[in-house]
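Reading the structure
Chain residues, written in single-letter form:
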Amino acid sequence: MSINPLFRDHINFRDLGGYKSIDGRSIKPGLLFRSGGLYLLNEQETENFLALGIKSIMDLRTSSEAEERPDPVFPNIEVVRHSGVAFRGGSEIDFSPVGMSKIGKEGEEQLMLLKQYYNEIPFDNEALRLLMSKVADGSVPLLFHCHTGKDRTGVFAMVLLLALGIDEETVFQDFMLSNEFHKETIEQELSLNKEKIKEHPVLRELICMRTGVTETIGRSVISEIQNRHGSIEKYFRREFSMDENSLSNLRDMYLE
C-alpha cells in the first residue's frame, strides 16, 4: 500500500485495494476507500475525489465534529453520518492537546482509558454494523472517514480487512501506515517535547497517539477481538450475524 499522490499526505487517503488475502486473492481496487475529513480537500483534490466515482460516504465523526468542520456537498453521492464512537466512558477522556500531554500518574491513567476506548470500538458499534451492511450490499465504491482518518477509521478498516480474509499482520500494518501520512507532525511534536519525554516516558506514547497511531493500540485491538470471541469467525458471527457463507460471499464480491 503506497501513499496516494493525488492527495496531500495529511488527508490520509487510501484505496484498500491490493491487499492479499489468506487464500491468495487480492482486494479489488477502486471499491473501498478510507481517509481523513473531506473538509481538508482543496480544489484539485476535490476533482480527483469526484473522478473516483464514489457512490457512498460514511462519516464516522460526531455531530459536533461534523458541524464544526462540515464536509463539502457532493452531487449524487449518498452521505451517511453515524458516530463511530462506541465507548461510553469516552466522555471521560480529555482528547485535547493538554489532555494528551499528561505525565506521571495522570498520564498512565490517560493511557489506560485510551486503550479501553480503542478496544471497545469493534464491539456493539452501530456505525460499524452499518458500514459492514453497506459493504455486504455492494454499496460501492464507498469511502469511510473520521476526523484524521487514523483512529475510528483505522479500527473500522481493521475489521473490514479481517472480514475480507486479510491476515492479522497485514491488517496491523495498514493501521500503522497512518504514521507515514502524519510523519512530519509526529516528528515535530516528539522533537519539541524531547527533554520532557526523557523525564516522563509516558508522554511519548500519548504524543504518538495524538498525532498518529501506536503499536500498543493496534496490537491490542486485534487481541481484544480474539480474546472476547475466541476467533475472528466467531467475532463476525456474533457481532454482525455473518456466518461462514456470508463471509465467503463477501470475499467473492471483493477479491480477485
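Going by the structure above, here's the rest.
The text that follows walks through the structure, step by step, so that each part is easy to find. Remember, it's a predicted structure, so these values are computed and weren't measured experimentally. (Residues numbered from 1 in each chain as written. Predicted model: local features only at pLDDT ≥ 70, side-chain atom pairs only at ≥ 80, totals over all residues. Heavy atoms only, no water.)

**Quick notes on unusual backbone geometry**
We apply this condition: Here a strand is any run of E in DSSP of at least two residues, a helix any run of H or I of at least four, and the numbering for each starts at the N terminus. Per-residue accessibility, obtained with a 1.4 Å probe over protein chains only, is compared with the maximum for each type, and a residue is labelled buried under 20%, exposed over 50%, and partly exposed between these values.
A cis amide bond links Val-140 with the next residue in sequence, Pro-141, at an omega value of 0 degrees. Topologically, Pro-141 is positioned in the loop between α4 (126–136) and β5 (142–145). Here Asp-124, not a glycine, exhibits a phi torsion of approximately 50 degrees, which is positive. Locating Asp-124 in the fold gives a position in the loop between α3 (104–120) and α4. With a phi close to 55 degrees, Ser-241 is a non-glycine residue in the positive phi region. Its location among the elements puts Ser-241 in the loop between α12 (232–240) and α13 (244–254). Relative accessible area serves as the criterion here: at 64%, Ser-241 is assigned to the exposed category.

**Let's talk about the nonpolar core**
Heads up, the rule is: By nonpolar core we mean a set of buried residues, namely Ala, Val, Leu, Ile, Met, Phe, Trp, Tyr and Cys, connected to one another through side-chain atoms within 4.5 Å. We call two residues contacting when some pair of their heavy atoms lies within 4.5 Å.
Grouped together as the largest cluster of nonpolar side chains are 57 residues, with contacts concentrated most on Leu-32, Met-132, Phe-144 and Phe-236. Examining the composition of this core, we find that nine residues originate from one element, helix α5 (residues 152–163), more than from any other. Setting aside its immediate chain neighbours within four residues, Phe-144 contacts Leu-16, Phe-33, Arg-34, Ser-35, Met-58, Leu-60, Leu-131, Thr-153, Phe-156, Ala-157 and Leu-160. Counting twelve residues, the second largest nonpolar core, distinct from the first, contains Phe-7, Ile-11, Phe-49 and Leu-143.

**Digging into a negative patch on the surface**
The criterion, for reference: Distance thresholds for patches are 9 Å for like charges and 5 Å for nonpolar side chains (Val, Leu, Ile, Met, Phe, Trp, Tyr), applied to residues having over 30% relative accessible area and no salt bridge. Each accessible area is a Shrake-Rupley result for a 1.4 Å probe, and residues are judged covered by the shown protein chains and nothing else. Within this document, salt bridges are pairs made up of a side-chain nitrogen of Lys or Arg and a carboxyl oxygen of Asp or Glu, the two lying within 4 Å of each other. Counting rule applied: Lys, Arg positive; Asp, Glu negative; His and chain ends not counted. Charge positions come from single atoms, namely NZ of Lys, CZ of Arg, CG of Asp or CD of Glu.
A contiguous patch of negative charge on the surface is contributed by Asp-9, Glu-180, Glu-184 and Glu-187. By secondary structure assignment, the location of Asp-9 is in the segment before β1 (14–15).

**A few points about the packing of aromatic side chains**
Rule in force here: In this scheme Phe, Tyr and Trp rings, the latter by its six-membered ring, pair at centre separations within 6.5 Å, and the angle between planes marks the pair as stacked below 30 degrees, edge-to-face above 60, and tilted otherwise. As a reminder, the over-ring test applies to NZ of lysine and CZ of arginine, requiring each to be within 6 Å of the ring centre and within 35 degrees of the ring normal.
If you walk through the whole model with that rule in mind, you get nine aromatic pairs. Seen in terms of ring centroids, Tyr-117 and Tyr-118 are 5.4 Å apart; in terms of plane orientation they differ by 85 degrees. Their pairing is edge-to-face. An angle of 70 degrees between the planes, with centres 5.0 Å apart, marks the rings of Tyr-235 and Phe-236 as edge-to-face. The rings of Phe-7, Phe-13, Phe-33, Phe-49 and Phe-74 are connected pair by pair, giving a single aromatic cluster. Lying across the ring of Phe-172, Arg-219 places its NZ or CZ 3.6 Å from the centre.

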